Amino acid sequence: EPEVTQTPSHQVTQMGQEVILRCVPISNHLYFYWYRQILGQKVEFLVSFYNNEISEKSEIFDDQFSVERPDGSNFTLKIRSTKLEDSAMYFCASSETGENSPLHFGNGTRLTVT
Amino acid sequence: QQQVKQSPQSLIVQKGGISIINCAYENTAFDYFPWYQQFPGKGPALLIAIRPDVSEKKEGRFTISFNKSAKQFSLHIMDSQPGDSATYFCAAQDSGGGADGLTFGKGTHLIIQP
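What this report covers is the structure whose coordinates are included nearby.

Rules of the game
- Residues numbered from 1 in each chain as written.
- Chains lettered and ligands numbered in written order.
- Predicted model: local features only at pLDDT ≥ 70, side-chain atom pairs only at ≥ 80, totals over all residues.
- Heavy atoms only, no water.
- Helix = DSSP H or I, 4+ residues; strand = E, 2+ residues; numbered from the N terminus.
- Rg over C-alpha atoms; globule rule 2.2 N^0.38 Å.
- Buried < 20%, exposed > 50% of the residue type's maximum accessible area, 1.4 Å probe, protein only.
- Contact = heavy atoms within 4.5 Å.
- Areas by Shrake-Rupley, 256 points an atom, 1.4 Å probe, with all protein chains shown as cover.
- Lys, Arg positive; Asp, Glu negative; His and termini not counted.
- Charge placed at Lys NZ, Arg CZ, Asp CG, Glu CD.
- Pairing = 2+ DSSP bridges.
- Axes fitted to C-alpha atoms, helices over the stretch in contact; angles between N-to-C directions.
- Patch = residues over 30% accessible without salt bridge, like charges linked within 9 Å, V, L, I, M, F, W, Y side chains within 5 Å.
- Salt bridge = Lys/Arg side-chain N within 4 Å of Asp/Glu carboxyl O.
- Polar contact = N/O pair within 3.5 Å; in protein donor to acceptor, adjacent residues only side chain to side chain.
- Phe/Tyr/Trp six-rings, centres within 6.5 Å; stacked < 30°, edge-to-face > 60°.

Side note on the overall build of chain B
Okay, so step 1: Helix and strand content of chain B: zero helices and 11 strands.
Okay, so step 2: Moving toward the C terminus, one meets the helices and strands of chain B in the order β-β-β-β-β-β-β-β-β-β-β.
Okay, so step 3: Its C-alpha atoms give chain B a radius of gyration of 14 Å, near enough to 13 Å, the size a compact globule of 114 residues would have.
Okay, so step 4: Expressed along its principal axes, the backbone C-alpha trace of chain B runs to roughly 45 × 30 × 20 Å.
Okay, so step 5: Per-residue burial for chain B yields a buried fraction of 46% across its 114 residues.
Okay, so step 6: Looking at chain B alone, contacts between residues at least 24 apart form 54% of all its contacts between residues at least 6 apart.
Okay, so step 7: Put simply, chain B shows about 5,400 Å² of open surface, and 49% of that area lies on carbon and sulfur atoms.
Okay, so step 8: In chain B, which carries 10 positive and 9 negative side-chain charges, the distance between the mean positions of the two groups comes to 5 Å.

What follows is the structure, encoded as C-alpha cells:
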C-alpha cells in the first residue's frame, strides 16, 4: 500500500539554527499537509498546500515557517531560527482530493531543539 | 469554537469489553468527523469516519455514533482486544474550503488488559 515517507526520523538541532523536514507524499495525491504534535499533546494543524501554494495555515504557522514543493515528489517544511518550543513530532500528510478524502500520515520527524 | 473536546484522557478496558470514547464540538460548520488510531512511534492512521447525514456508521468492531443536535460523536470498540491498545484521536473538519485542516481532540490513551 502506498505510504507517506518522512525523513529524517529524528533531527537534533541547536536553538537558532534552520531545519528542513522532508516528506514524499503518496504519488497521486494532490493535497499536502504539515501537522505538529508536542509530546503527549494533541495533533495540531500547521498548513495545507495545493496547486503549489498554501491553501490554509494556522496561527502556529508564522513567518518562522515555510513550505515548498521543490520538485514533483518532495514536500518540505522549513523552520528558521528554531526555538526550544519547536521541539515536537512533525507529521506530513497527503490526501487525494482534499475535501473529505482521508488523510494519510507519515510516521513523523521528531525534532529536538537544544 | 474551533475546539474538539475529547474524553476520557485515558481508558482501561478488559479484553472482550466495549471501549467508548466521546467527543464534542461547537463549530456547526464541521461536516466531517474522522477517528484516528496512533501507535507509539507511528503517525495517526484513519480508523473510521462519518458525515452528519447519518447517525451511525459501523466497520467491523468499530462504530461511530453521531448526534448532530447535541454536537457529539463517539467511538465504540466492541470486543476490545489487546492489539487495540493505542491512542485514539477524534477530529473534525469544515470541508467547505476544500483543503481545510483537521481539528483534533486531545486524544485518549486506551489500554486493553488481557
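Moving on, there is more to tell.
Examining the sheet that holds strand E7 (residues 65–68) of chain A
Residue and element names in this part refer to chain A.
Okay, so step 1: The strand order across the open sheet built from four strands is E1-E3-E8-E7, with neighbouring strands paired in antiparallel fashion. Either end of the sheet is taken by a strand with one partner, and the two such strands are strand E1 (5–7) and E7. Sheet twist, expressed as the average angle between the axes of neighbouring strands with direction ignored, equals 20°.
Okay, so step 2: Of the pairings in the sheet, the one linking strand E3 (residues 19–24) to strand E8 (residues 75–79) comprises five bridges and is antiparallel in character. Looking at the pairing, Ile20 lines up with Lys78 of E8.

Section: a nonpolar patch on the surface
All names here are of chain B.
Okay, so step 1: Taken together, the side chains of Ile18, Ile20 and Met78 define a hydrophobic patch exposed on the protein surface, amounting to about 240 Å² of accessible area.
Okay, so step 2: Assignment of secondary structure puts Met78 in the loop between strand E8 (72–77) and strand E9 (86–92).
Okay, so step 3: Judged by relative accessible area, Met78 falls into the partly exposed class, the value being 34%.

Re the side chain of Ser95(A)
Residue and element names in this part refer to chain A.
Okay, so step 1: Secondary-structure assignment places Ser95 in strand E9 (residues 88–95).
Okay, so step 2: Exposure remark for Ser95: the relative accessible area of 0% places this residue in the buried category.
Okay, so step 3: Here the side chain of Ser95 touches Tyr33 through a polar contact of 3.4 Å, side chain to side chain.
Okay, so step 4: Filtering out sequence-adjacent residues up to four positions away, Ser95 remains in contact with His29, Leu30, Tyr31, Tyr33, Ser101, Pro102 and Leu103.

A word on the packing of aromatic side chains
Okay, so step 1: All told, the structure shown has 22 aromatic pairs over all chains when counted by the stated rule.
Okay, so step 2: Members of the aromatic cluster, joined through ring pairs, are Tyr33(A), Tyr35(A), Phe45(A), Phe91(A), Phe105(A), Tyr36(B), Phe89(B) and Phe104(B).

Quick notes on the pattern of salt bridges
Okay, so step 1: In this structure the tally under the stated criterion is three salt bridges over all chains.
Okay, so step 2: The partner of Glu44(A) in a salt bridge is Arg36(A), with the nearest N and O atoms 3.4 Å apart.
Okay, so step 3: A salt bridge links Glu59(B) to Lys57(B); its shortest N-O distance comes to 3.6 Å.
Okay, so step 4: You can call Glu59(B) partly exposed: its relative accessible area is 38%.

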